Amino acid sequence: MSAPAAVEITLERQERQRRAGVGVLSCLAAPVPLGSACWRRWCDRAQRPVVVLASADLQTVVRQWTAVLARCHHLPRAAVAFLAAKTGRPADELAASLTAMSVYERK
């Protein structure tokens, strides 16, 4: 088995573990071009969002990931679904309630 195939198999196994609720942190130990190419192929194949940053500045990281997530997901709907799950309220009821609130009331 080639090194790129082994990397992708490992990444797939770790993704299955994540979906099962197991906290997994993936670390690639390879020459940078090879590891990066394997990771990018794996992400591209499943249309996983990717952000490549030259800086670990917190504002930059948050801004870049928020932009990518906003292109991939409807963030207000995701926020309502999250809050509904946490509060036990139906999402449609919670969304209607939040929409009816003023900006002041939502704070």
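Just above sits the structure.
Residues numbered from 1 in each chain as written. Predicted model: local features only at pLDDT ≥ 70, side-chain atom pairs only at ≥ 80, totals over all residues. Heavy atoms only, no water.

Enquirer: Outline the overall build of the protein chain, listing residues and values.
Expert: Counting its secondary structure elements, the protein chain contains 6 helices and 0 strands. Taken from N to C terminus, the helices and strands of the protein chain fall in the order α-α-α-α-α-α. By residue count, 14% of the 107 residues in the protein chain fall in the buried class. Here the protein chain displays about 8,200 Å² of accessible surface, and carbon together with sulfur accounts for 61% of that area. Separation between the mean location of the 15 positive side-chain charges and that of the 8 negative ones in the protein chain comes to 4 Å. (Helix = DSSP H or I, 4+ residues; strand = E, 2+ residues; numbered from the N terminus. Buried < 20%, exposed > 50% of the residue type's maximum accessible area, 1.4 Å probe, protein only. Areas by Shrake-Rupley, 256 points an atom, 1.4 Å probe, with all protein chains shown as cover. Lys, Arg positive; Asp, Glu negative; His and termini not counted. Charge placed at Lys NZ, Arg CZ, Asp CG, Glu CD.)

Enquirer: Any chance you could break down the layout of surface pockets for me, citing the residues and the numbers?
Expert: Taken as a whole, the largest pocket spans an internal volume of roughly 230 Å³. Forming the walls of the largest pocket are 13 residues, and the residues nearest its centre are S26, C27, L28, G35 and W39. At the level of elements, helix 1 (3-19) and helix 2 (32-45) are the ones that each hand at least two residues to the lining of the largest pocket. Counting residues per element, the lining of the largest pocket draws most heavily on helix 2, at 5 residues. When the residues that make up the lining of the largest pocket are grouped by side-chain class, the tally is 8 nonpolar, 3 polar and 2 charged. (1 Å grid on protein atoms, 1.4 Å probe; cavity = no way out; pocket = protein on both sides within 12 Å on 5 of 7 lines; lining within 4 Å. Points joined across faces, edges and corners; volume = space filled by probe spheres on them. Nonpolar A, V, L, I, M, F, W, Y, C, P; charged D, E, K, R; others polar.)

Enquirer: Could you give an account of the packing of helix 4 (residues 75-87) against helix 5 (residues 91-100), with specific residues and numbers?
Expert: Look at helix 4 against helix 5: their axes get within 9 Å of each other, and the N-to-C directions meet at 115°. It follows from the interaxial angle that helix 4 and helix 5 lie roughly perpendicular. Viewed along their axes, helix 4 and helix 5 form a crossing whose handedness is right-handed. From helix 4, V80, L83, A84 and T87 reach across to helix 5, where they touch A91, L94, A95 and L98. For the contact of helix 4 with helix 5, the class distribution of residues is 7 nonpolar, 1 polar and no charged. (Axes fitted to C-alpha atoms, helices over the stretch in contact; angles between N-to-C directions. Parallel < 35°, antiparallel > 145°, perpendicular 65-115°, else oblique. Left-handed = near helix turned anticlockwise from the far one by under 90°. Contact = heavy atoms within 4.5 Å.)

Enquirer: Run through the pattern of salt bridges, naming residues and quoting values.
Expert: Per the counting criterion, the structure on display carries 6 salt bridges. Notably, a salt bridge pairs E8 with R41, separated by 3.1 Å at the nearest N-O pair. Highlighted residues: E8 in helix 1 and R41 in helix 2, separated in sequence by 33 residues. When the shortest N-O distance is used, the salt bridge between E15 and R18 registers 3.4 Å. Of this pair, E15 and R18 are both found in helix 1, 3 residues apart, which corresponds to roughly one turn of the helix. Assessed through its relative accessible area of 17%, E15 is described here as buried. Linked by salt bridges that have partners in common, E8, R41 and R45 make up one network. (Salt bridge = Lys/Arg side-chain N within 4 Å of Asp/Glu carboxyl O.)

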